[in-house]
Every structure is written in structure tokens, then in C-alpha cells.
Amino acid sequence: MHYPIGLLFDLHASNTALPWNITVHFKNFPEKDLLHCHSKDVIEAHFMACIKEADALKHKSQVINEMQKKDHKQLWMGLQNDKFEQFWAINRKLMEYIPEDSGFRYIPFRIYQATTERPFIQKLFRPVAPGGQLHTLGDLLKEVCPTAITPEDDEKTIQVMIHGIEPMLETPIQWLSEHMSYPDNFLHISIIPRPTD
Amino acid sequence: MAMPSSLLWAVDIFGRVYTLATTGQYWELCKDGQLEFKRVSAVKQCCWGIACDHQVYTYVFSSDVPIRYQEETYENQRWNPVGGFCEKLMPSDRWQWSDVSGLKHQQLDSFTLPSPHWEWESDWYVDENIGGEPTEKGGWTYAIDFPATYTKDKKWNSCVRRRRWIRYRRYKSRDTWAKIISLEDPSQLPDPFNDISIGGWEITDEPAGRLSVWAVSLQGRVWYREDVCHHNPEGSLWSLVATPGEVVQISCGPYDLLWATLWEGQAIVREGIDRNNPHGISWTVVESPGSENGIMHVAVGVNVVWAVTKDRKVWFRRGVNSHNPCGTSWIEMVGEMMMVNVGLNDQVWGIACDDRAIYFRQGVTPSELSGKTWKAIVSGRESDRSQTGSSTSLLSAGCFFSDEVRDQANSIIQSDGDISSDTESPRVPPNHADAPLSGAAISSNENNADSQKEVGAHLAVDSLDSAQEEANSTSSSSEKAGLEKPESSVDQDTHPAELQWTNIDLKEAHKNPVLTSSTFRETSSVSSLGLFPVGIEEPYGTDEHPFWAWVSGGGCLVDLHSPLKWFTIQTGLSSSVQSLSLSITPAQTAAWRKQIFQQLSERTKRELENFRHYEQAVEQSVWVKTGTLQWWRSWKPHKWMDVRVALEQFTGSDGVRDSILFIYYMHHEEKKYIHVFLNEVTILVEVLNDSKHSFALYTPERTKQRWPIRLAAATEQEMHDWLALLSMSCCESRRIQGPPSHHAVWSVTCKGDIFVSEPSPELEAAPHLIPCDQMFWRQIGGHLRLIECNSQGIVWGIGYDHTTWVYTGGYGGGFIQGLASSADNIYMQSDVKCVYIYENQRWNPVTGYSSRGLPTDRYMWSDASGLQECTKVNTKPPSPQWSWVSDWYIDFNVSGGTDREGWQYAADFPASYHGHKTMKDFVRRRRWVSPFPESSNEDAPTARTEEGMDQLQSFAFYGGVPNLFFVLIHLATIKRETGK
């Protein structure tokens, strides 16, 4: 499974000194562990598959399916050429929802834990409670990954990171999904041990 | 320093017209500030606009070329037997006064000036030149009858004659708004105007300065102004162009693109515009991007169309070109704009909805017409330096928005103008006592007729001082940057634009007089990230920057290589962070949100702060030229060895190019290299010896060591290629471009090559003087023996043949031509240099004078000093650009005189020589001379002084030059001529 580089940083290096030293391997690709993308087309397909999966969760794939091939292409080209505007012009539509719903159908998210062997947690989670109340990041963690929640009295031993920052647990998950998702439209949340000073 | 300045025009919401120069930092109020405008459309030579009286005005820049027009009429006479040629014509004849064809009656007094913007240059006079040849007797030409072939000689059968009267009129309303007055029948007059767009100057060259001027009237009709060209800047009349619906707005590109928007929300595209038919033929309808939101505004360039829909979204039209003016499909762009405008080179400006700031589209290139991002222009207005503008602007805003024409408006703006010019003086830093500079700054704001260019020239006079001023103003401009950075759209819904402009005037009351610099730094860095929540911006308010209503870039040439000073430095602006702020929904001030923003900005700081000196990996482009050269190796035994050379040019994130020259060589079977940073190179010079095409490259260190890097190429062409490229790279890395400034230090080498050094402000600033070996010298084409300059940028020189030359302001030339040369002001230069060698003889009792000297004597063929052997054969031209004009001959014109054979005598070498033999003389010498002209392929930015005389203001020559007298006489003649 390929992780976005920002996520890899959060997971493995978020508290190390910058710059981040990376070892690049040109031989011995770990075929067993990672999907080997032999060409750019494969990477593109992989990326689009992620976006489609996310939209399936958010809009039952309605938005992505209504888009034209060129829009899909624009998403990819925008990402590939570091042209945010090009990307966002299309991606914005993927981030919209009908006002009556006050949110996506389900939030596309993945929770990664540096401390466990389990690759990641991905479950169905609605952004709005049946009562119309907005679910928060804390609600999400409580439901799908209770170990990430530190009881109030205890000293915090773990960090919940998205994009290198620790959002407050009170942050509405819908807002996070709209604004803090990665280009693949997933909210990648890392749970890492808090550094001991 | 060199980029010609061009102007971006804009109108603020109060109807005031401002211009922003590409080299400038501040919006300047239009010189003729009497009127308030709704729309402007600018090109290089003029600007058209619609004032709030719905009338059309044109603003023609003054230039050296007068706008004049020749009126002519013909006086016709017929011969009759009684009175000879007289005014009595036959009833079937033409009028006594007619046009050339004779079909139109035109008397002298029937000619009137077309508008109040013209004046007569002189009275009518008879044109006595026919076909370039002067005729006698009052300019008459004769013929048998009308109409026929006219000859200038009277013949026996000449029954009729005619002559031409001419009178010139001149357009006088330049640098001011001239109202376009319609002379047509009032019933045909267009209704009040609503929009205007000018362009089409690239459709055809004939007549000179032709423009397409399109206007839309309030009733939605489209009008085309006929016959607008250089000598008719107002055009002649409006002609109606039928449209399929009511038009709201129109946009005309430099070439054949013309789009307009309909009330219903579609766009219409004019087809069939070409040089024969600048009106075009027909309209094609283009639907808007979405059915619910029609097109509100279009802007076209040469190959691009941008549109804004009624929901303020910005769209780019794909696939537009000359063959397909309609394009293929719409692409949605990020950002919400009131309007967009396309200027020269398809560059794009827009006025954002939420903050009414002008944004410039970054990264628009021919291959990337849609560009990359919007960047806000944060230049302040000159008048913003004081706080006087606001109170008056409220009043004028009222006028503007009530759409009424009031005379009162004039007086208001008048007073506004006065105030802004009054407040200019504090703008000049107090410690700054440079009179011409501040004088220029002030005069430009006093609505004088000083052209923009002139001011630029004044400012350039003193680069040291202006640099100093820049330094002085940096702190204040950074403050401005902090304040004026348009706020992100965080609060767009809570603060609609209409509300904001009223804030302007409320703002006055609670101005923050003192803000510590640390606060500023924080504010500006935060706002440049564009993501700080509402909280922080409240204390400063959002209304310090101008609110714009219209922008026109049709005359604005943005040079991609010269950075604009319109923007604050936005280091570390990651686009993802920036855009995040664009999509934030409003009214969320919860703690979690603030915390996210704070953390993000901290994160950005952490990630970027310490790495600012790293070049950006993505933005940077590397360009390499490699080749094989020979290198004069640095270890003994010195000799030429083959090396591989690579010049790596890279562009840093700040857009400045820098280069490194690598020289790879083998030493003891081992690959090694040396490298030179080109920004350390102080001079590049051609070295001509061993018939190798070689050059030397000096750095301060190598100058100390007296060991430059010497490289040789196989051919002269190859060497020049390298020299030109290296020279250009050196200049780029030192940010030197264009012609030398007025402060430049000029020098000539002993070979006659001309070098220029730009003094930096530190050059003479104690206690850190720049050692002269660190000055950077660049070669300017041309060839001179002596050069002299003054602080006004006047540079004169003397060639080896004693011709005087004056510098024309060009640059490049010679081998640099084509790469970084100016387009004009480069002329051929030729020079003749005389080489003298001396034939020395000693007297001996047996043979008399002979070429056998004593062993201690000088060479029998030598230079003047006797130290160098110079025979006729081994004396060579100093460079391949020189060639011998004639063979060697004896020079009799030697100081001290010669005898008949050219000999000079002396008691011994070296001594004083005289022209006659005496008893005491034992040696003699004579001088041989051979002139060689520099080959004529040398192009130089110099002109013979005879041609450049009118540039002469003052000059000074000194120095112990032989034949200086001759030169001075020569100059004196010129001076006299100029004095006339």
C-alpha cells in the first residue's frame, strides 16, 4: 500500500529535525510489501482509484461519475504538475455537498498507528449525528480507535496528527474532510507516540 | 535599470484613474485628473476611456513624433486669349479651388480644424515641389485640359494650369483627456456609452498606428470608431455594427479576436476580422459555461479568452486561436473576480470580488496561457502616503455612484490633486538632499507635462542615491505591505465590497499611529500565508488598500525576466495553504479553527524558516552548455591542454539566474575539475596570441594571483559564442542588464576594447570601499583609443584614427550581438590604427650608417622604446578583426623632424632625435608605418559624432595623447556647428 509522503513524514519523522533525510533505494524493490507501479499510468490509475473510493463514500460516486474524462485528467495533471489551481478547480466539486445534508455521506478517512502492526483503520463514519449534531475528530477516534483517546486525567502519550499538526479533538470531522484531506480525498490521520522531552 | 517602462491603467471605485509603471512601485494618479472615469482601455500609445458623463475620451501620450496632418487643395486656372491664365474657368470646368480629382469644391477657408484638439501649424502656402523637384513660378503645373497629365513646363498647347496649396495641422491635446466629439448628424449619434475596448493594432500596419476602437452604448448597441490611426487619434465617426442581441460589454484583442457579452449571458464572437476588414463580418454565439449563470464579462488577448460569469467565477476558454476564435470549451479557474483584463503577451489582470484588489496572473507564458496563480498587486498609491485622500473621495464617490454629471466633481478632484502634490514633499526622505531627484519626483505629481519617461531618466541619473532612497523606503514599504495585503477571503461573506468602501472613511478616526516593527513582520508574514483567521486583522482594518473598479493592461508590457515590484515578498507561500483559505466557509471563529491556523502557520515557519537559503527544487531550472576547449593549465610546464567545459545556469526561486563554469581535466590519469562562480567573475577578456582564439576569465582572487583562467576555442566563432554566453551569464548573476547607467565607469583596454563597470553604492562608501579588483567589467561593443564620460550619461571617445565617437545608448554589439543586445542604436564602427616600427642604424667608419649595430644596441627593427624587436614580417595586427590597409611606408611626420629619407639622428640610443645629421650623431632611426582598419563587421553602439551631434551637451578631454591637437580642432568644429 502506498502512503502519501506527508503521511509517511507524520508517521515516522514528525518530531525529527528537519530536513528529513531520506534513503532512496534503486534496487531490491520490496515486491511483497508494496504494489510496484511500473509506469506513470499505473500511478495515475492508483490515484484515481483512491479518489473514486473517496467519492463513493462521500457521494455514492455521484460526483466523480458525473465528471468527464477530461476533468479526471485535469485532477491528475494538476497534481502531477504541481498546479494547485488546476487541481482544485475540479477537486472543489468533490468537496461539495447538498446543504440539506450538512455533510458528506461518509467521511473518507484512514487512521494509521505507528505503534501497531495493523496497517490502518478504515470504517464507515458519518459526519453528522442522527440528531443533526456535527461529529468531531474526537467522536471519530472514540468510535473507531478508542486507544487514541487519552483519559482526561492521564498524561498524554500519543499525538493525533494530520498534515503535521494536531487539530483539536473538537474540530468537526466534516470540516477536516473538506479542508484537510490529501489530494486523494482521504483524511489521513496518524497516531504516533508523543515525544518524551 | 534598462527595461523600458510601460503602464498598467486602473480606475478605482471613485472613478479616479491611476497608472502603475512596470518599473514602479506606486500607483500614480493620472496627470489629467479632472475627470472621473468608469472604464479605460489602454494601449502603448494612448488610452481611451468612458468618463462618468458617458462620453468617450482619449488620452494620447506625448512623444517625439508629432501628430500632424497635411491638408491640401488645388487652385485651378484656364488660359484665355485676353487675360492669359486667370481664374475664369469654363462652365464645364472644375471649381477654381478643388481637390486633386477636381470633383470636390474646396476653398481655402472651407478647411476647419476637425476638433478643438487640433491647431494650425502655419498658414496656407503653395507647394512648389512637384514629384520631389522644385518647380518655378509659383508651383504651377500645366496641361492641355482638365483632367490630364500635368507637366511643370508651360507648352504652346497648355490651356489650363493648377497648383497645390498645403497647410499642416497638429494634434495638441496630448497627455490629457480629449473628449471625442461627434460631428455627425445628432439624430445618428450613439446613445451614451457604457463600455469601450481598443486593440487591433496588429491587424495591419497601414496606416501607421491604426487602432480598432469598439464601444458599447447603454442601449446595448455596438459601435466601431472609423479611421483611428496615428495622424487621426480621434477617429472620424462612429459606425453601428449590428448584433444579435443587446450587448453589455466588449473586449478587443491586439489582433483579430473580438468578443462581447450579451444581456442574456451568452458571449458573441466576431468572425472575419482581417486586414481588409477590421470590422469583421459576422457574430457567432458562444454559450456560457453553465446554464444558470451567464457570462458577465469577457477579456481577450491574441490567443486567449477569459470570462467572468454572473456568479463571479473565472473561466478560461480552451482552444482559442486565429482559426478558431470561438475556442472549444471552458475551464474553470480558482478565484472570484469582478472583471478580468488581458494585456500584452496575453498577460492577465483581475479585480477580485471580495477585496477589490487587482490581481496579476502569475506564470502566463506562451505555452502556459492559463498561468498558475493569482497574485495581488499591493502597490500603494502615491497619495496613500498621506491620509488626505479619504475625505474628498467620499464626496466624489457619491457623485460617481449616483451616476450624475456634476461640475462640482471637477473642483473636488482638483482639490484632491492639489493635496496629493502638496503631500509629496514628505515622501522624499529628509536626509536625502539630492535636488534633481526630489525635483523630478515632485514635478511628476504636479500634473506637469513631464512625461513618465523623463521622470524615469531623472531617477536614473543618480543610481547611488536612488538605491539609497530605496533602502530608506524599504521599511516603510514593508509596513505598507503588511497593511495592504488584501485579506484572504475568510470573511468575504461578512464584509461585502459595498460595505467595505464606506469603511474607508470611517477608518480615518481610529488610525494606528504607532506599530512596532515586530508587529509588522508578524502581520505580513501571516497575511502572506493568507490563512490567518479574522481575529488578527481586526485591529488594522481591511481598508488601507485601494478599491478598484477597472483595470487595463493593454499597454503594459510585463517582461518575464525583470521582476515587478508590485508584490510583497511572499516567501514560503505554499499554494495548498494559500488556497485552503479560499475555500474556508465563513463565520467560523471557533477555537479549534484558530488553533489549526496557528499550527499550520507555525508548521510552515518551522519547515521553511531555516531553509530559506535553499533553492526551491521545483521552481529551479538548470540549463547546461558543454563543450571542448583548451585550458592553459596551472601547473608547470604550462601548456594548453584539452578540457571539457560545462556552464550550468540555474534559476533560483527568486528568479535570478546564476551560473557556474566547470572545467574538467585529467591530471595523472585522474579526473579533476575546477569551477568558477560567474557571479565572482570580474572581467572576461579576449587574449590574442599564438594565433589561438583564447580568452581569460578573472576573479578577484585570480587577479591577485595574476593567474586568470585562460581558455581557447578551436574557432573564432566558437570563442565568441562562449564569450557572449559567459558575458551574459555574468551580467545576469549580477542583475545587470540593458545599457550602462549614467554612473557607469568606462574604460578601454590597450587593445581598444571598451569595458563598463556599474558602480555599486558601496563603491565609495567608507569605511568599506570596494577594492577596484572586485569591480565587475562588462564589454560593450566597439573600439576606441580613449574614452571619457560624465555623470549625465554622455560618453565620447576617440578612435585610433582620431575620429571622435559618441555613445548612442545601445548595448551589446560585436560578438554579444543577438544574445543580450539592444535592438537599435547599434551601428557599424570602423577604425584605423597606425602601427609604428623603427628601423635603427649605427654609423661605422667603414660603411657609414648600416644595419649592423653594436652588440649592446637595440634591435635593428624595434618599437619606439627599442626593447621589442619589431620587424615588418613579425608585426601582426592585434586581433583578427584588424587587417592591413597598405604596405609599410616611411613616416616623415615624426616629432623632431626627419631628413628626406625619413631618418632621425641622435648621438646614441636612446636619446633625443633630430631631423638632420650632425657631426656628433652616431645612430639614426626612421619610422615605418602601416595602418590597418578594423574589419567592418564590428558593430558598436557608437555613432560618429557628426551623426550624434544633437546629443552633445558637454564634453571634456584630457590626457597626453599624441595628435590631441588635431582631435581638439576636430571637436571644436563640431562644437561650433552645434552651437548654431
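Residues numbered from 1 in each chain as written. Chains lettered and ligands numbered in written order. Predicted model: local features only at pLDDT ≥ 70, side-chain atom pairs only at ≥ 80, totals over all residues. Heavy atoms only, no water.

As named in an unreviewed UniProt entry, chain B is Tectonin beta-propeller repeat-containing protein 1, taken from Alligator sinensis. Listed in UniProt under the heading Sequence similarities (unreviewed entry), the comment for chain B reads: "Belongs to the TECPR1 family." (UniProt positions renumbered as here; feature names shortened; annotations may be inferred.)

Per an unreviewed UniProt entry, chain A goes by the name Autophagy protein 5 and belongs to Alligator sinensis.

A. Broad picture of the sheet that holds strand β5 (residues 46–51) of chain B. All names here are of chain B. Reading across from one edge, β4-β5-β6-β16 is the order of the four strands in this open sheet, with antiparallel pairing throughout. In this open sheet, the two edge strands, each paired with only one partner strand, are β4 (37–42) and β16 (177–179). Along the sheet, successive strands turn relative to each other by an average axial angle of 30°, direction set aside. (Pairing = 2+ DSSP bridges. Helix = DSSP H or I, 4+ residues; strand = E, 2+ residues; numbered from the N terminus. Axes fitted to C-alpha atoms, helices over the stretch in contact; angles between N-to-C directions.)

B. Focus on the interface of chain B and chain A. At the junction of the two partners, chain B supplies 33 residues and chain A supplies 25 residues. Both faces combined, the contact of chain B with chain A buries some 2,500 Å², and carbon together with sulfur accounts for 60% of it. On the chain B side of the contact with chain A, V334(B), W592(B) and I596(B) bury the most area, a combined 23% of that side's loss. Here chain B is connected to chain A by one salt bridge. For R92(A), the salt bridge identified is with E332(B), shortest N-O distance 2.6 Å. On the surface where chain B and chain A come into contact, there are four residue pairs in polar contact (both at pLDDT 80 or more). For the side of chain B that touches chain A, the elements supplying multiple residues, two or more each, are β27 (313–318), β28 (329–342), β31 (373–376), α9 (575–582) and α10 (591–608) of chain B. Here the side of chain B that touches chain A takes 10 residues from α10(B), the largest share from any one element. (Contact = heavy atoms within 4.5 Å. Buried area = accessible area lost by both parts, 1.4 Å probe. Salt bridge = Lys/Arg side-chain N within 4 Å of Asp/Glu carboxyl O. Polar contact = N/O pair within 3.5 Å; in protein donor to acceptor, adjacent residues only side chain to side chain.)

C. Looking closely at the pairing of strand β40 (residues 745–748) of chain B. All names here are of chain B. Judged from the four bridges that link them, β40 and strand β41 (residues 753–757) form a sheet pairing that is antiparallel. Residue pairing for β41: S747 is matched across the bridge by F755. Turn length for the β40-β41 hairpin, with the two strands adjacent in sequence and antiparallel, is four residues, and the turn residue G752 shows positive phi of about 95°.

D. Highlighting a negative patch on the surface. Residue and element names in this part refer to chain A. Taken together, the side chains of E152, D153, D154 and E155 define an acidic patch exposed on the protein surface. With respect to the helices, strands and loops of the structure, D154 is situated in the loop between α6 (137–144) and β2 (158–161). D154 sits in the partly exposed class, given a relative accessible area of 45%. (Patch = residues over 30% accessible without salt bridge, like charges linked within 9 Å, V, L, I, M, F, W, Y side chains within 5 Å. Areas by Shrake-Rupley, 256 points an atom, 1.4 Å probe, with all protein chains shown as cover. Lys, Arg positive; Asp, Glu negative; His and termini not counted. Charge placed at Lys NZ, Arg CZ, Asp CG, Glu CD. Buried < 20%, exposed > 50% of the residue type's maximum accessible area, 1.4 Å probe, protein only.)

E. Main features of the pattern of salt bridges. All names here are of chain B. According to the stated counting rule, one finds 17 salt bridges over all chains in the structure shown. Across the pair R39 and D195 runs a salt bridge whose closest N-O atoms are separated by 2.9 Å. Linking R39 in strand β4 with D195 in strand β17 (residues 193–199), this pair joins segments that are 156 residues apart in sequence. What makes R39 buried here is its relative accessible area of 19%.

F. Focus on the confidence of the model for chain B. All names here are of chain B. Averaged over all residues, the pLDDT of chain B is 71; the fraction at 70 or higher stands at 68%. Across residues 935–940, where pLDDT falls below 50, the model places 24 contacts with residues more than four positions away in sequence or in other chains. With pLDDT under 50 throughout, residues 942–980 is counted as low confidence; its partners more than four residues away or in other chains account for 59 contacts. Scoring the predicted complex yields pTM 0.43 and, for the interface, ipTM 0.87. (pLDDT = per-residue confidence, 0-100.)

G. Local environment of α10(B). Across its 18 residues, α10(B) extends 25 Å between first and last C-alpha, which sits within 8% of the 26 Å expected from 1.5 Å per residue. For α10(B), the full list of buried residues reads W592(B), R593(B), I596(B), F597(B), Q599(B), L600(B), S601(B), R603(B) and T604(B). (Expected span 1.5 Å × (residues − 1).)

H. Spatial organisation of the packing of aromatic side chains. Under the criterion given, the structure shown has 37 aromatic pairs over all chains. Arranged with centres 5.6 Å apart and planes meeting at 45°, the rings of F47(A) and W76(A) form a pair that is tilted. On the criterion of sequence distance, the pair formed by F47(A) in helix α2 (residues 40–59) and W76(A) in helix α4 (residues 69–80) is long-range, its members being 29 residues apart. Just as F47(A) is buried, W76(A) falls in that class too. Judged by centre distance (6.4 Å) and plane angle (50°), the ring pair of F84(A) and F87(A) falls under tilted. Pair noted here: F84(A) and F87(A) are both in helix α5 (residues 84–94), with a separation of three residues, about one helical turn. Relative accessible area serves as the criterion here: at 18%, F84(A) is assigned to the buried category. The rings of W9(B), F37(B), Y57(B), Y59(B), F61(B) and W177(B) are connected pair by pair, giving a single aromatic cluster. The residue whose ring lies beneath R317(B) is W330(B), and the NZ or CZ to ring-centre distance is 4.7 Å. Residue placement shows R710(B) over the ring face of W632(B); its charged tip is 5.3 Å from the ring centre. (Phe/Tyr/Trp six-rings, centres within 6.5 Å; stacked < 30°, edge-to-face > 60°. Lys NZ or Arg CZ within 6 Å of the ring centre and 35° of its normal.)

I. Fine view of the nonpolar core. By size, the foremost hydrophobic cluster in this structure holds 41 residues, and its most contacted members are I111(A), L140(A) and L176(A). Of the residues forming this core, the biggest block, five residues, is contributed by α5(A). If we ignore the near neighbours within four places in the chain, the residues touching L140(A) are F109(A), I111(A), F125(A), C145(A), I173(A) and I189(A). Membership of the second largest hydrophobic core comes to 36 residues, among which are L7(B), L8(B), C353(B) and V551(B). (Core = buried A, V, L, I, M, F, W, Y, C linked by side-chain atoms within 4.5 Å.)

J. Inspection of unusual backbone geometry at higher detail. Cis geometry marks the peptide bond from K636(B) to P637(B); its omega dihedral reads -5°. Mapping P637(B) onto the fold places it in the loop between β33 (622–632) and β34 (640–651).

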